[in-house]
Amino acid sequence: MSSNERATRALREILQNPENDACADCGAPDPGWGSCSLGVFICLACSGIHRNIPAISKVKSLSLSHWEDHEVQFMAENGNEMMKRKYEAAVPVYYYKPTHKDGQTLREQWIRAKYERKEFSEPGKSFIYEQGTKDGMLMKKGRDNGQFLSRRFVLSEREGTLKYFTKFDAKEPKAVIKVDTINATFQPEKIGNPNGLQITYLKDYSTRNIFIYHENGKEIVDWFNSIRAVQLHYLKVAFPGASDAELVPKLTRNFLKEGYMEKTEGFKKRWFTLDQRRLMYFKDPLDAFAKGEVFLGNRDYGYSASPGLPAGTHCNGAWQHGITIETPDRGFLFTCESESEQKDWLKHFNAVISAVMSPQEYTMEALFRHRH
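The chain is annotated in an unreviewed UniProt entry as Arf-GAP domain-containing protein of Perca flavescens.

J.: What is the right way to look at helix α7 (residues 217–238) in this model?
T.: Count 3.6 residues to each turn of an α-helix, and residues three or four apart come out pointing the same way. Relative to the 32 Å expected for 22 residues at 1.5 Å per residue, α7 spans 32 Å between its end C-alpha atoms, a close match to the ideal helical length. Two or three places before Lys-218, at the start of α7, stands the capping residue Asn-216, its side-chain oxygen 2.8 Å from that residue's backbone nitrogen.

J.: So what exactly am I meant to see when it comes to the pattern of salt bridges here?
T.: If charged atoms from side chains of opposite charge come close, those side chains can pair. As enumerated under the stated definition, the model contains 22 salt bridges in all. For Asp-25, the salt bridge identified is with Lys-114, shortest N-O distance 2.7 Å. Of this pair, Asp-25 sits in the loop between α1 (3–15) and β1 (33–35) while Lys-114 sits in helix α5 (residues 104–116); the two residues are 89 residues apart in sequence, bridging distant segments of the chain. Across the pair, exposure class does not vary: Asp-25 and Lys-114 are buried alike. With a closest N to O distance of 2.9 Å, Arg-112 and Glu-116 form a salt bridge. Within this pair, Arg-112 and its partner Glu-116 are both found in helix α5, separated by 4 residues, close to a single helical turn. Among the residues examined, Arg-112 registers a relative accessible area of 16% and is labelled buried. Of the residues examined, Glu-116 reaches a relative accessible area of 35% and is grouped as partly exposed. The structure contains a network of salt bridges with shared partners spanning Asp-25, Glu-88, Lys-97 and Lys-114.

J.: How do you make sense of the UniProt feature "domain: PH" (unreviewed entry) in the chain when you look at a structure like this?
T.: Here, the residues flagged by UniProt with the feature "domain: PH" (unreviewed entry) are residues 131–232 and 254–354. The span residues 131–232 shows a helical share of 20% and a strand share of 45%, and its end C-alpha atoms are spaced 13 Å apart.

J.: Is there a simple way to explain the environment of Met-83 in this structure?
T.: Secondary-structure assignment places Met-83 in helix α4 (residues 80–87). A relative accessible area of 8% places Met-83 in the buried class. Measuring from C-alpha to C-alpha, the distance between Met-83 and Ala-24 comes to 8.5 Å, with 59 residues separating the pair along the chain. Once residues lying within four places of it in the same chain are set aside, the contact partners of Met-83 are Leu-38, Gly-39, Val-40, Asn-78 and Glu-88.

Definitions and limits used
Residues numbered from 1 in each chain as written. Predicted model: local features only at pLDDT ≥ 70, side-chain atom pairs only at ≥ 80, totals over all residues. Heavy atoms only, no water. Helix = DSSP H or I, 4+ residues; strand = E, 2+ residues; numbered from the N terminus. Expected span 1.5 Å × (residues − 1). Polar contact = N/O pair within 3.5 Å; in protein donor to acceptor, adjacent residues only side chain to side chain. Salt bridge = Lys/Arg side-chain N within 4 Å of Asp/Glu carboxyl O. Buried < 20%, exposed > 50% of the residue type's maximum accessible area, 1.4 Å probe, protein only. UniProt positions renumbered as here; feature names shortened; annotations may be inferred. Contact = heavy atoms within 4.5 Å.

What follows is the structure, given as structure tokens:
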């Protein structure tokens, strides 16, 4: 047996250890790469990021690269769990740990924060996300003309707000957003920028979107985690008895699903966003306000989602795959372009309708039905 075959077999054995069966950085299953300088097993996507920091990480394919005996030994002695204890010793609870479903910017900044800046290696260190205030310029999409313009944003823990100003020295903010109504989610494809962030908040009980980015990936991820830090502070004051495990899910969230469907009223193609129990539809994915919203309550209270349309409903040529949503007040009819999209939307709708409603969601439902 050649030394390389021996190395490959030894690496395969080390991988059998359950702690090494997922990428050390994003949790993707079956990592096929290793950093022989850090002692971690990683996926293909994360290996590309490691390769951009060669002073810190030396990356090799587990099956295609030549491994020296001492490198194999190093992987055996370290591994994902041990290195997590070292490099993730003090990750703050609000810090968003990306998964393999998240985009490049979030993953790259997580990897650089861990290994290059060693932000989380020493307990007791203060974090830049916890300074209580953040002030800086971000590119923001104009509501009407669609151009991105430089705007000043100010986040304040003391006031519990995020404000933005049209000019750096403007006295009055254009908007004051309460942090407890904010959601922030990375949207690189939708915004057309790898560092694109969508901020959604409630204004007069309706949802408003703003789209921002910064040329620097670290800067936009710092904003994102600073918003989460301020939100957690706000929640701890509002719910003094609650544990971190109860509060963290209330911080920012990714949307359950987004995509195009047609509304059968007039066959208008619309962009739909499912965010928790709110199904919103927009004329354009980058619109500030939704054209309309549907609240999805629990199935015990008259909500349902099923495939197909009522008999006699006229369909538009290409969009044949219908969905009927029933609420206590009315029915909604949508069509999808493909059967796989129809099935995926239905899977998400039925998961939401099956879930138990929280007290806040009952309040939201009452407001929603009153308004509509």
